[in-house]
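# Coordinates in review
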Amino acid sequence: MMRKRLSCGFTLIELLVVITIIVTLASIAYPVYIGVQERARVTQDMSNLRQIGLATQMYLDDNDGVFFSSAGTADSWMIALHKKALSAWKIFQSPFDTRTPSEDDAAAPVSYGINGKSVINLQADKIVKPSAFILFAPAQSPAGKSGASAFLGTAGDAAPGVTVVQGGKTAKGGTHSGKTRINALFADLHTENMLWSVFKNDTTTASDPDADFRWDYAGK
């Protein structure tokens, strides 16, 4: 009696079903993976800002509560903090900044900027509402054609600054969550993961009473 020949191979339909399942699982897993990566970057970005804040407090303690100096021979804020407490330049580089890390005192990437409205030489106790006044935040260059954020500051530059968006001259969106959010360090040294729309607003409204104090230390 002849034995039936058993086929151990996949049929075309079975193969297509397996491929479809793999593609479906991959399409589910990829966004989750990207989301985990982004959350890790947000956390690291906040950590960098906190370390910059702690170093700034140490600097203020040693300099009569004055935020850095604009004198011709004075160090920029990042050089001053690097010398004082932040020995690794990587702390000054946001995880959203894709430039190659460096510990070179002239070429190391610097992603963060100090508030561009007269913070240098400012006495800390002159800030009317420290919990609302942004002190440091990622300092992006204007968004390119692709809309991607770019960071151009280096350790050897004049001090990078960050200001509210005006006339499209600065970044057109935040650093994460689809460019809708950005981290910031405030003058009372707390950090926030903020909506970009709130971060850039400098006009007080009923829903945003702190706007005048966010970018101007006197709330004007």
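Only a predicted model underlies this, so the values are computations on that prediction, with no experimental measurement involved.

### Considerations on the pattern of salt bridges
Once the charged atoms of two side chains with opposite charge are near each other, the side chains can pair. Tallied over the entire structure, the rule returns 5 salt bridges. Note that Asp-75 is salt-bridged to Lys-83, the shortest N-O span being 3.0 Å. A relative accessible area of 32% means that Asp-75 is categorised as partly exposed. For Asp-208, the salt bridge identified is with Arg-214, shortest N-O distance 2.9 Å.

### Overview of helix H2 (residues 77-84)
Among the 8 residues of H2, 6 are classified as buried, and the element is accordingly described as predominantly covered. Every buried residue of H2 is listed here: Trp-77, Met-78, Ile-79, Ala-80, Leu-81 and His-82.

### A closer look at the side chain of Asn-48
Mapped onto the elements of the fold, Asn-48 is located in helix H1 (residues 12-62). The buried category is assigned to Asn-48, whose relative accessible area is 2%.

### Describing the packing of aromatic side chains
Taken as a whole and assessed by the stated rule, the structure comprises 7 aromatic pairs. Pairing Trp-77 with Phe-92 gives two aromatic rings, centres 5.9 Å apart and planes at 45°, and the pair type is tilted. Here Phe-92 lies in the loop between H2 and strand E1 (112-115) and Trp-77 lies in helix H2, a separation of 15 residues in the sequence. Judged by relative accessible area, Trp-77 falls into the buried class, the value being 1%. Connected via pairs of aromatic rings, a cluster forms that spans Trp-77, Trp-89, Phe-92 and Phe-136.

What counts and what doesn't
- Residues numbered from 1 in each chain as written.
- Predicted model: local features only at pLDDT ≥ 70, side-chain atom pairs only at ≥ 80, totals over all residues.
- Heavy atoms only, no water.
- Salt bridge = Lys/Arg side-chain N within 4 Å of Asp/Glu carboxyl O.
- Buried < 20%, exposed > 50% of the residue type's maximum accessible area, 1.4 Å probe, protein only.
- Helix = DSSP H or I, 4+ residues; strand = E, 2+ residues; numbered from the N terminus.
- Phe/Tyr/Trp six-rings, centres within 6.5 Å; stacked < 30°, edge-to-face > 60°.

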